[in-house]
Number of protein chains: 2
Amino acid sequence: MMATSNGPGPVRPIAVIGGTGPAGMGLALRWARAGETVIIGSRNEERAQQTAAAIYRRAGPEANVSGMENAAACAAADILMLTVPFEGQAALLKQLKPAMTAGSILIDATVPLAASVGGRASRTLGVWQGSAAQQAAELVPKEVSVVAAFHNVSADELNGDAPLDCDVIVCSNDADASQLTRELAAKIPGVRALDGGPLQNARIVEQITALLIGMNIRYKKGHAGIRITGLPPTAYR
Amino acid sequence: MMATSNGPGPVRPIAVIGGTGPAGMGLALRWARAGETVIIGSRNEERAQQTAAAIYRRAGPEANVSGMENAAACAAADILMLTVPFEGQAALLKQLKPAMTAGSILIDATVPLAASVGGRASRTLGVWQGSAAQQAAELVPKEVSVVAAFHNVSADELNGDAPLDCDVIVCSNDADASQLTRELAAKIPGVRALDGGPLQNARIVEQITALLIGMNIRYKKGHAGIRITGLPPTAYR
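Caption draft 1: View of the overall build of chain A. Each helix and strand in chain A was counted, giving eight helices and nine strands. Relative to the compact-globule value of 18 Å for 237 residues, chain A shows a C-alpha radius of gyration of 16 Å, a close match. The C-alpha extent of chain A, read off along each of the three principal axes, is 40 × 35 × 35 Å. The buried share of chain A, reckoned over its 237 residues, is 58%. Across chain A, contacts joining residues at least 24 apart in sequence account for 73% of those joining residues at least 6 apart. Within the structure as shown, chain A displays about 9,600 Å² of accessible surface, and the carbon and sulfur contribution to it stands at 55%. Each charge class in chain A was averaged separately, 21 positive and 20 negative side chains, and the resulting centres sit 7 Å apart.

Caption draft 2: Representation of the relation of the copies chain A and chain B. It takes a turn of 180 degrees to lay chain A on chain B, together with a shift of 0.0 Å along the axis; the resulting RMSD is 0.0 Å. The symmetry that links the two subunits is that of a two-fold axis. Among all residues of chain A, the one whose C-alpha sits closest to the rotation axis is Arg-227 of chain A, at a distance of 2.5 Å. Of all interface residues in chain A, 97% are interface residues in chain B too; the two copies therefore contact each other through one and the same surface.

Caption draft 3: Geometry of the interface of chain A and chain B. The interface of chain A with chain B comprises 34 residues on the first partner and 33 residues on the second. For the pairing of chain A and chain B, the buried interface totals around 2,900 Å² over both sides, and the portion due to carbon and sulfur atoms is 62%. Area buried by chain A at its contact with chain B is led by Leu-211, Tyr-219 and Thr-229 of chain A, which between them contribute 23% of it. Our count for the contact surface shared by chain A and chain B stands at zero salt bridges. Seen at the junction of chain A and chain B, the total is 13 residue pairs in polar contact (both at pLDDT 80 or more). Only β8 (191-197), α8 (202-219) and β9 (225-229) of chain A provide two or more residues apiece to the side of chain A that touches chain B. Among the elements that make up the side of chain A that touches chain B, the one with the highest residue count is α8 of chain A (11 residues). Here β9 of chain A runs beside strand β9 (residues 225-229) of chain B; their pairing, made up of five bridges, is antiparallel.

Caption draft 4: Inspection of the nonpolar core at higher detail. Counting 86 residues, the largest nonpolar core has Leu-106, Ile-228 and Leu-231 of chain A together with Leu-106, Ile-228 and Leu-231 of chain B as the members making the most contacts within it. Once you skip the residues sitting within four places of it in the chain, Leu-106 of chain B turns out to touch Leu-80, Leu-82, Leu-93, Ala-136, Val-140, Val-144, Ser-145, Val-146 and Val-147 of chain B. Within the second largest apolar cluster, 36 residues are counted, among which are Ala-32, Met-81, Cys-166 and Ala-193 of chain A.

Caption draft 5: Highlighting the packing of α8 of chain A against helix α8 (residues 202-219) of chain B. Their axes nearest at 10 Å, the elements α8 of chain A and α8 of chain B cross at an angle of 140 degrees. Taken together, α8 of chain A and α8 of chain B sit at an angle that is classed as oblique. Helix-helix and strand crossings are classified by hand; for α8 of chain A and α8 of chain B the assignment is left-handed. On the side of α8 of chain A, the interface is formed by Ile-204, Val-205, Gln-207, Ile-208, Ala-210 and Leu-211 of chain A, while α8 of chain B contributes Ile-204, Val-205, Gln-207, Ile-208, Ala-210 and Leu-211 of chain B. Residues of the contact of α8 of chain A with α8 of chain B, tallied by class, amount to 10 nonpolar, two polar and no charged.

Caption draft 6: Molecular detail of the sheet that holds strand β4 (residues 79-82) of chain A. Strand order across the open sheet formed by eight strands is β3-β2-β1-β4-β5-β6-β7-β8 (chain A), with mixed pairing between neighbours. The open sheet terminates on both sides in strands that have one partner only, identified here as β3 (64-69) and β8 of chain A. With strand direction ignored, the average angle separating the axes of adjacent strands in the sheet is 25 degrees. As judged from the four bridges shared by β4 of chain A and strand β5 (residues 105-108) of chain A, these two strands associate in the parallel manner. The partner of Met-81 of chain A across the bridge, within β5 of chain A, is Ile-107 of chain A. Across the sheet, α8 of chain B lies against β7 (166-172) and β8 of chain A, angled at about 90 degrees from β8 of chain A, the strand it touches most.

Caption draft 7: Structural view of the environment of Ala-136 of chain A. All names here are of chain A. Structurally, Ala-136 can be placed in helix α5 (residues 132-139). C-alpha separation for the pair Ala-136 and Leu-80, spaced 56 residues apart in sequence, amounts to 12 Å. If near-sequence neighbours (up to four positions away) are discounted, Ala-136 is found in contact with Gln-89, Leu-93, Leu-106, Asp-108 and Val-146.

Caption draft 8: Highlighting unusual backbone geometry. All names here are of chain A. Even without a glycine there, the phi angle at Phe-150 is positive, about 70 degrees. Structurally, the position occupied by Phe-150 is in the loop between β6 (145-148) and α6 (155-158). A relative accessible area of 6% means that Phe-150 is categorised as buried.

Caption draft 9: Structural detail: the environment of Gly-24 of chain B. Residue and element names in this part refer to chain B. Along the polypeptide, Gly-24 turns up in helix α1 (residues 22-33). Exposure remark for Gly-24: the relative accessible area of 1% places this residue in the buried category. The sequence separation of Gly-24 and Pro-232 amounts to 208 residues, and the corresponding C-alpha distance is 31 Å. With sequence-adjacent residues up to four places away left out, Gly-24 is seen in contact with Val-16, Gly-18, Gly-19 and Thr-83.

Caption draft 10: Representation of the side chain of Asp-195 of chain A. Within the fold, Asp-195 of chain A resides in strand β8. Here the side chain of Asp-195 of chain A touches Gly-197 of chain A through a polar contact of 2.8 Å, landing on its backbone nitrogen. Filtering out sequence-adjacent residues up to four positions away, Asp-195 of chain A remains in contact with Val-170, Ser-178 and Arg-182 of chain A together with Met-215, Arg-218 and Tyr-219 of chain B.

Caption draft 11: Broad picture of the sheet that holds strand β1 (residues 14-17) of chain B. Sheet architecture is open: eight strands sit in the order β3-β2-β1-β4-β5-β6-β7-β8 (chain B), paired in mixed fashion. The open sheet has two free edges, formed respectively by β3 (64-69) and β8 (191-197) of chain B, since each of these has just one partner strand. With direction set aside, neighbouring strand axes in the sheet form an average angle of 25 degrees. Relative to strand β4 (residues 79-82) of chain B, β1 of chain B runs parallel, the two sharing four bridges. Among the inter-strand pairings, Ala-15 of chain B is bridged to a residue of β4 of chain B, identified as Leu-80 of chain B. Its contacts with the sheet put α8 of chain A on β7 (166-172) and β8 of chain B, and the angle it makes with β8 of chain B is roughly 90 degrees. Contacting β2 (37-42) and β3 of chain B, helix α2 (residues 45-59) of chain B crosses the sheet at an angle of about 165 degrees to β3 of chain B.

Thresholds applied
Residues numbered from 1 in each chain as written. Chains lettered and ligands numbered in written order. Predicted model: local features only at pLDDT ≥ 70, side-chain atom pairs only at ≥ 80, totals over all residues. Heavy atoms only, no water. Helix = DSSP H or I, 4+ residues; strand = E, 2+ residues; numbered from the N terminus. Rg over C-alpha atoms; globule rule 2.2 N^0.38 Å. Buried < 20%, exposed > 50% of the residue type's maximum accessible area, 1.4 Å probe, protein only. Contact = heavy atoms within 4.5 Å. Areas by Shrake-Rupley, 256 points an atom, 1.4 Å probe, with all protein chains shown as cover. Lys, Arg positive; Asp, Glu negative; His and termini not counted. Charge placed at Lys NZ, Arg CZ, Asp CG, Glu CD. Least-squares fit on C-alpha atoms with pLDDT ≥ 70 in both. Buried area = accessible area lost by both parts, 1.4 Å probe. Salt bridge = Lys/Arg side-chain N within 4 Å of Asp/Glu carboxyl O. Polar contact = N/O pair within 3.5 Å; in protein donor to acceptor, adjacent residues only side chain to side chain. Pairing = 2+ DSSP bridges. Core = buried A, V, L, I, M, F, W, Y, C linked by side-chain atoms within 4.5 Å. Axes fitted to C-alpha atoms, helices over the stretch in contact; angles between N-to-C directions. Parallel < 35°, antiparallel > 145°, perpendicular 65-115°, else oblique. Left-handed = near helix turned anticlockwise from the far one by under 90°. Nonpolar A, V, L, I, M, F, W, Y, C, P; charged D, E, K, R; others polar.

Given below as structure tokens:
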């Protein structure tokens, strides 16, 4: 394993739960290329390993990527990246709760699209807790910090080779977890990571995805993303 | 009056209702500079005229800008730009309803910030109709088209001289009114106008403002705005 993974200190693998879907695969690919140790998680271990192999082929021989069943991936890592459709989020978190280790970080990218219940992907559902990320926070052990991020990046672009043209807005009540997530985001070429404030702000960041999906439909062949302008240069790192 | 105002055809003055506040003044200044005929509306006619005079001094002798009491401004124009705090929106629209002429366009920039009821400007209130713009649509005569736009532009930047670094997302159920609003937005240097879809999408665009305000607070001295990336070049005009 590469000692440079997520900066100084011991290697902290990233388990991408739901890592065989387009968003999870894309993040795993970008992080594998950046030298991170990545574990693809899936309900099906074999599928996880196939996806890991595909990422390895694209990321090259330096890549450190493996595939495991979701709970095993969860137990093997303390950075958990959740990329599942909204309709699967709560059940999966309840199932994985016993496998999560204290001090873990759960990065949630879930968007409560109305498509989850047969509606449009350009509309969202109201979530009782305020946002999908806040729902996640209710379902994980107390000792796990939840961070909301990566909602607005195009899965297609993540799976490509070009730098992205998108900012990642990171929301969390845990300043250290937010900082670590911003560092991971900034390892993806073209991404700028911004502090989006407390976890409750995820309700806005999640909604933006529905707006971007609507624009992709309206303007055809779009891979819409966002940039935040007008902040002091120190904001963008 | 200048015949070039809002493109070919007869001049269509823009009444900026609440035009003595920072956002209204900034839009009026930018449109006056672009050759549009602008009427500043205010509860107080004298204040409207003072603001109009101040804009005239900055925009130069070609500028066509005057000041009127809100209802008179409303009656004198068929493009109405509403820039008032959320807490004043409904009462003002009820008052102005009789003065609105059939076929008018109401461009609403209202953001339902929690600050309206003593809360934070980085949080929003839930609006029964879904958004402040949809509330506006319920309060104007049927023959008036409502467009939601200009929520995310910085009032400070509008009142400056530099080009803006911000997109304007325009939501409306009336395609012609949306198009006209995008043309007006694009007259502001640096602004790109985008079709944000139906009026109901204003609920997302309004929320973004609260997120940007939070970033301005967090990063200090920011004038945060947004750019939408990844759309086909034809989207940006």
